[in-house]
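Residue strings, one per chain:
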Amino acid sequence: MATPPEATRMVTPLAAFDIGPDGATRPVDAGWPDAAPGAGQAFRWLHFDIFDPGLATWADEHLPPVAAAALLQSETRPRCDRHDGGLILNLRGINLNVGAENDDMVSVRMWVTNALVVSARVRRVFAADELRQQMLTGTGPASTAEWLVTLSRSLTDRIEQASLDLEEATGELEDDLMSGSGQRANDLMPLRRQAIRLRRYVGPQREALTRLAQIEDTLGHAKDRIELGEIANRTMRSVEELEAVALRLQALQEHVQAQRAEATSRNGFLLSIVAAIFLPLGFLTGLFGVNVAGMPGADWPWAFAALSLGMIVIGVALYVYFRHLRWF
């Protein structure tokens, strides 16, 4: 096959390995790697950045059109579909990149056959980097099914840890709010948003892993399907934990809103009581403040003292009356 000009064809994999039947790994050094493993090798793994300028040309040349398009999609959701003798598989992992939010999950797009794994990512996927580091030591999964099990387990481990961390943070927030402190009330909405966004992706991922575990003719070994089924079950537990956390956070938000509404109502009621006490007193001061002839007490030196004493008596009487009615 003719080779296009180097400037338009060169692709640089982030990881490129041939893996033997015994799991021994050998780096692939070709600048324009083929999609077939070397002689005597079980399968080839090629891992790309989708922004690599040569990836689209390489994928069009070596992969089925649908698989190439799926690999290069800018936005994805977890999926597992059989196509043309292989699998189109998208999974997501916790975003552990510096400065990123955990709930802003990273995706890994894959095309998998018995002899080839092609994966691509937009941002760094630590589970894939972990696999690359393992293969650099000279050993790795002995089949594409084992490769999928290893990657899925690593992704799920991190999802479970993020779920446990979120549950622990929710428990601490719950203790703080229920104790009446309220110092961490501002943490409520970020935690709730994180739980909702994680649940959004982990739910479909469980479905994709369950479907992957049920594909017998592609994965081959029953042991690998059983392990994938267990990983799907662990993902389901994470989904349930995230749903429980989201419900707890919703209940906490309703509790905070009820407390604030109660405080607002109580303060408004107390202001109403104060206004009720001072209303007749204001009436009296307004009445005796008019500057017209005939005002009683205008020539009596004790008139102001008598008026002040009368107002105090009225205020105390109203206070006692409202307390008797148990208005406050």
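Everything numeric here is computed off the predicted structure, so don't read it as measured data. The numbers attached to residues start from 1 for each chain and follow its sequence in the written order. The predicted nature of this model means local features are confined to residues of pLDDT at least 70 and side-chain atom pairs, given and counted, to a pLDDT of 80 or more, with totals for whole chains, interfaces and linings taken over all residues. Note that the side-chain values use all heavy atoms of the structure and ignore hydrogens as well as water.

J.: Sorry, what's going on with the overall build of the chain here?
T.: A count of helical and extended segments in the chain gives nine helices and seven strands. To get the radius of gyration, use the C-alpha atoms; to get the globule rule, take the number of residues to the power 0.38 and multiply by 2.2 Å. Against the globule reference of 20 Å for 328 residues, the chain gives a C-alpha radius of gyration of 35 Å, more extended than a compact globule. C-alpha extents for the chain along the principal axes are approximately 120 × 45 × 35 Å. For the chain, buried positions account for 42% of its 328 residues. The helix count covers DSSP runs of H or I at least four residues long, the strand count covers runs of E at least two residues long, and both are numbered beginning at the N terminus. The classification of residues rests on relative accessible area computed with a 1.4 Å probe and restricted to protein chains. Under 20% of the type maximum is buried, over 50% is exposed, and intermediate values are partly exposed.

J.: Hey, could you run me through the nonpolar core in this one?
T.: Joining through side-chain atoms within 4.5 Å is the link that ties buried Ala, Val, Leu, Ile, Met, Phe, Trp, Tyr and Cys residues into a set, and such a set is a nonpolar core. By size, the foremost hydrophobic cluster in this structure holds 32 residues, and its most contacted members are W45, L91, M110, W147, L151 and L212. At the level of elements, β1 (15–19), β3 (43–49), β5 (86–93), β6 (106–113), α4 (126–136), α5 (144–178), α6 (188–213) and α8 (222–288) are the ones that each hand at least two residues to this core. It is α5 that contributes the most residues to this core, five residues altogether. Sequence-distant contacts of W147, that is, excluding residues within four places in its chain, are made with F43, W45, M110, V117, S119, L131, M135 and P141. The next biggest cluster of nonpolar side chains, apart from the first, holds 22 residues, and it includes L188, L191, A195 and L249. Contact between two residues is taken to exist if any of their heavy atoms lie within 4.5 Å; hydrogens are not considered.

J.: Quick question: what am I supposed to make of the side chain of D18 here?
T.: Take D18: it is sitting in strand β1. Within the structure, D18 has its side chain in polar contact with the side chain of R44 (distance 2.7 Å). Setting aside residues no more than four positions away along its own chain, D18 makes contact with A24, T25, R26, V28, P37, G38, Q41, F43 and R44. Here a polar contact is taken to be a pair of N or O atoms separated by no more than 3.5 Å, where protein atoms must pair a possible hydrogen donor with a possible acceptor and residues adjacent in sequence count only if both atoms sit in side chains.

J.: What is the right way to read the packing of aromatic side chains from this model?
T.: Between two aromatic rings, the relevant description is the distance of the centres plus the angle of the planes. Stacked, edge-to-face and tilted are the three classes for Phe, Tyr and Trp ring pairs, Trp counted by its six-membered ring, which pair at centre distances within 6.5 Å; planes under 30 degrees apart are stacked, over 60 edge-to-face, the rest tilted. Within the structure shown, the criterion is met by three aromatic pairs. Among the aromatic residues, those joined into a ring-pair cluster are F17, W45 and W147. Two conditions define a charge located above a ring, namely a distance within 6 Å from the ring centre to NZ of Lys or CZ of Arg, and an angle within 35 degrees of the ring normal. The ring of Y201 has R92 sitting right over it, with the charged end atom 4.2 Å from the ring centre.

J.: Which parts of the structure should I look at to understand the packing of α6 against α8?
T.: Angle between the axes and distance between the axes are the two parameters that describe a pair of packed helices. All axes here are fitted lines through C-alpha atoms, helices being fitted over the stretch that makes contact, and every angle between N-to-C directions spans 0 to 180 degrees. Where α6 meets α8, the closest approach of the two axes is 8 Å, and the angle between their N-to-C directions is 155°. If you check the angle between α6 and α8, you find them roughly antiparallel. The handedness of the crossing between α6 and α8 is left-handed. For this classification, the nonpolar set comprises Ala, Val, Leu, Ile, Met, Phe, Trp, Tyr, Cys and Pro, the charged set comprises Asp, Glu, Lys and Arg, and every other residue, Gly included, is treated as polar. Taken together, the residues that form the contact of α6 with α8 break down as 20 nonpolar, eight polar and five charged. Here the angle decides the label: under 35 degrees means roughly parallel, over 145 means roughly antiparallel, 65 to 115 means roughly perpendicular, and every other value means oblique. In this scheme the crossing of two helices becomes right-handed for a clockwise turn of the near helix relative to the far one and left-handed for an anticlockwise turn of less than a right angle.

J.: It is not clear to me how the pairing of β1 should be interpreted in this structure. Could you clarify?
T.: Working note: regular strand, side chains alternate between the two faces of the sheet. The element β1 is extensively covered by neighbouring structure, given that five of its five residues are classed as buried. Residues A15, F17 and I19 line one face of β1 and the alternating positions A16 and D18 line the opposite face, and both faces are buried. Sheet topology note: the β1/β3 ladder contains five bridges and is antiparallel. Note that in β3 the partner of A15 across the bridge is H47. Note on pairing: DSSP must find at least two bridges between two strands before they are called paired. Connecting β1 to the next strand, strand β2 (residues 25–27), in antiparallel fashion are five residues, including G23 with a positive phi near 90°.

J.: Looking at this model, I keep getting lost on a nonpolar patch on the surface. Mind explaining?
T.: Nonpolar side chains (Val, Leu, Ile, Met, Phe, Trp, Tyr) are joined into patches within 5 Å and like charges within 9 Å, using only residues with over 30% relative accessible area and no salt bridge. Here, Shrake-Rupley sampling with a 1.4 Å probe gives the accessible areas, and only protein chains in the shown set may cover a residue. Salt bridges are identified by distance alone: a Lys or Arg side-chain nitrogen within 4 Å of an Asp or Glu carboxyl oxygen. Residues F269, L270, Y321, L325 and W327 make up a contiguous nonpolar surface patch of roughly 470 Å² in combined accessible area. Inspection of the secondary structure puts W327 in the segment after α9 (303–324). Of the residues examined, W327 reaches a relative accessible area of 41% and is grouped as partly exposed.

Read these as geometric descriptors, not functional statements.
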